[in-house]
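Here are the chains, one letter per residue:
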Amino acid sequence: MELTIIQKIAIYTLPVIFAITVHEAAHGYVAKHFGDMTAFNAGRITLNPIKHIDPFGTILLPALTIMLGGILFGWAKPVPVDFGRLRNPKKDMLWVAAAGPASNFVMAVFWVLALKYSVFAPEAIANPLALMAKAGVTINVILMVLNLLPLPPLDGGRIAVSLLPYRYARPFANIEPYGFVILIILLFTGVLGRILQPLIAIVNGLLVSIL
């Protein structure tokens, strides 16, 4: 049965909000663990979605991509991290950056379990729960894979900066002001979808093999 636009939005809203909110809170929590209190002092280590929502990136753009049937795309307000305040900035940057995609993988596992056990739910909610769980898996896998692309300011870009020798890390980090422009161009030319789809298939296969 083909879902209406309203039904799609209703099914995707909760998984989208949690995927983005937990992702951002995870960055702040790990930054705090390694000595940077910036996100904590700004009240951003929280699961309150209002603190993380960007009206365009979190609501409008994901809704448009859902309605148009393309690759789900969006972002939240970035959690402020002062990498200079980390105890070992270059090394600790990796863990702060990796925390977001790691949280999405954990949430994908949660939604896979919800899908698996939705058959035991009362009949009235079993189908909506299964649809929401499928949406949750899709959203979190896409966000994880997207954010691991080695393009600053995505998490994968910061991980790359952390791993690269200093003489390469600095010029690579200088790409950051242009990163989102590059990403939007890749999205609307269809290149981003061609990059993400095989990676998404690999992660989905991994989730199936684990569970």
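Cut-off values and rules
- Per-chain numbering applies: the sequence of each chain, read as written, is numbered from 1 onward.
- Reporting in this predicted model follows two pLDDT cut-offs: at least 70 for local features of residues, and 80 or more for side-chain atom pairs to be given and counted; totals over whole chains, interfaces and linings ignore these cut-offs and use all residues.
- To get the side-chain values, all heavy atoms of the structure are used, and hydrogens and water are removed first.
- Per the convention used, a helix needs a DSSP run of H or I reaching at least four residues, while a strand needs a run of E reaching at least two, with both numbered from the N terminus.
- Only protein chains enter the calculation, and the probe is 1.4 Å; a residue is then buried if its accessible area is under 20% of its type maximum, exposed if over 50%, and partly exposed in between.
- We score Asp and Glu as negative and Lys and Arg as positive, and we do not count His or the chain ends.
- Salt bridges are counted wherever a side-chain nitrogen of Lys or Arg sits within 4 Å of a carboxyl oxygen of Asp or Glu.
- Here a polar contact is taken to be a pair of N or O atoms separated by no more than 3.5 Å, where protein atoms must pair a possible hydrogen donor with a possible acceptor and residues adjacent in sequence count only if both atoms sit in side chains.
- Contacts between residues were defined by any pair of non-hydrogen atoms, one from each residue, lying within 4.5 Å.
- Each helix should span, by expectation, one fewer than its residue count multiplied by 1.5 Å.
- One axis is fitted to the seven residues ending at the residue and one to the seven starting there. The bend at that residue is the angle between these axes.
- A residue's pLDDT is the confidence the predictor assigns to it, expressed on a 0 to 100 scale.
- What counts as a ring pair is set by centres within 6.5 Å for rings of Phe, Tyr and Trp (its six-membered ring), and what kind of pair is set by the plane angle: stacked under 30 degrees, edge-to-face over 60, tilted for all other angles.
- Whether a charge sits over a ring comes down to the Lys NZ or Arg CZ being within 6 Å of the ring centre and within 35 degrees of the ring normal.
- Only residues whose relative accessible area exceeds 30% and that form no salt bridge enter a patch; like-charged residues are grouped when within 9 Å of one another, and nonpolar side chains (Val, Leu, Ile, Met, Phe, Trp, Tyr) when within 5 Å.
- Note on areas: these come from Shrake-Rupley sampling with a 1.4 Å probe, and a residue is covered only by the protein chains present in the view.
- Throughout this description, the term nonpolar core refers to a set of buried Ala, Val, Leu, Ile, Met, Phe, Trp, Tyr and Cys residues connected via side-chain atoms within 4.5 Å.
- Every axis in this analysis is a line fitted to C-alpha atoms, fitted for helices over the stretch in contact. Angles between the N-to-C directions lie between 0 and 180 degrees.
- Our angle categories are set so that under 35 degrees counts as roughly parallel, over 145 as roughly antiparallel, 65 to 115 as roughly perpendicular, and the remainder as oblique.
- By the definition used in this description, the sense in which the near helix is turned from the far one sets the handedness, with an anticlockwise turn below a right angle giving left-handed and a clockwise turn giving right-handed.
- Under the scheme applied, nonpolar residues are Ala, Val, Leu, Ile, Met, Phe, Trp, Tyr, Cys and Pro; charged residues are Asp, Glu, Lys and Arg; polar residues are all the others, including Gly.

Student: Quick rundown of the side chain of Glu-24? Include the residues and the values.
Tutor: Here Glu-24 lies in helix H1 (residues 5-33). Nearest to the buried, unbridged Glu-24 among oppositely charged side chains is Arg-44, at 4.8 Å. Among the polar contacts made by the side chain of Glu-24, one reaches the main-chain amide nitrogen of Val-79 at a distance of 3.1 Å. Filtering out sequence-adjacent residues up to four positions away, Glu-24 remains in contact with His-52, Ala-76, Lys-77, Pro-78 and Val-79.

Student: Give me helix H4 (residues 89-117): which residues, what numbers.
Tutor: Given a rise of 1.5 Å per residue, 29 residues ought to cover 42 Å, and the 42 Å separating the end C-alpha atoms of H4 matches this to within 8%. Maximal helix bending in H4 amounts to about 35 degrees, located at Ala-99; proline Pro-101 follows within four positions.

Student: Would you mind going over the confidence of the model for the chain in detail, with residue names and values included?
Tutor: Per-chain confidence: the chain averages 89 in pLDDT, with 97% of residues scoring 70 or above. The secondary-structure element of the chain with the lowest mean pLDDT is helix H3 (residues 55-68), recorded at 76, while helix H6 (residues 155-163) shows the highest, at 96.

Student: Please provide a residue-by-residue account of the environment of Leu-186, values included.
Tutor: Its place among the elements puts Leu-186 in helix H8 (residues 179-188). Judged by relative accessible area, Leu-186 falls into the partly exposed class, the value being 22%. Setting aside anything within four residues of it in sequence, one finds Leu-186 in contact with Val-191 and Leu-192.

Student: How would you explain the packing of aromatic side chains if you had to name every residue and give the values?
Tutor: With the rule as written, the count across this model stands at two aromatic pairs. Note on Phe-110 and Trp-111: the rings are 5.2 Å apart at their centroids and 70 degrees apart in plane angle, and the pair reads as edge-to-face. The ring centre of Phe-40 lies 5.3 Å from the NZ or CZ of Lys-32, which sits over that ring. It is Lys-90 that lies over the ring of Tyr-166; its NZ or CZ is 5.1 Å from the centre.

Student: Tell me what's going on with a nonpolar patch on the surface, and back it up with residues and numbers.
Tutor: A grouping of Ile-5, Ile-9, Phe-56, Leu-60, Leu-64, Met-67 and Leu-68 is seen on the molecular surface, where their side chains present a nonpolar patch of about 620 Å² in accessible area. Looking at the nonpolar patch, the elements that each hand over two or more residues are H1 and H3. With five residues, the top contributor of residues to the nonpolar patch is H3. Tracing the chain through its elements places Ile-5 in helix H1. According to the relative accessible area criterion, Ile-5 is partly exposed, its value standing at 43%.

Student: Go over the environment of Pro-165, please, and point to the residues and values.
Tutor: As for its position among the elements, Pro-165 is in the loop between H6 and helix H7 (166-173). Separated by 116 residues in sequence, Pro-165 and Pro-49 have C-alpha atoms that sit 37 Å apart.

Student: Just give me the short version of the nonpolar core, but keep the residues and values in it.
Tutor: Soluble globular proteins tend to bury their nonpolar side chains together. Core analysis: the biggest nonpolar cluster contains 30 residues, and Val-141, Val-145, Leu-192, Leu-196 and Leu-207 have the highest contact counts within it. When residues of this core are traced back to their parent elements, those giving at least two are H1, H4, helix H5 (123-147), H8 and helix H9 (191-210). The element best represented in this core is H5, accounting for 11 residues. In this structure, Val-145 is in contact with Leu-196, Leu-199, Ile-200 and Val-203, ignoring residues within four places of it in sequence. Membership of the second largest hydrophobic core comes to 11 residues, among which are Ala-31, Phe-34, Leu-86 and Val-161.

Student: Before we move on, can you summarise the packing of H4 against H9 with the specific residues and values?
Tutor: Two elements in contact, H4 and H9, have axes whose closest approach is 11 Å; the angle formed by their N-to-C orientations is 55 degrees. When the axes of H4 and H9 are compared, the pair comes out oblique. Judged by the twist between their axes, the crossing of H4 over H9 is right-handed. Residue-level contacts link Phe-105, Ala-108, Val-109 and Val-112 of H4 to Leu-206, Leu-207 and Ile-210 of H9. Tallied by class, residues from the contact of H4 with H9 come to seven nonpolar, no polar and no charged.

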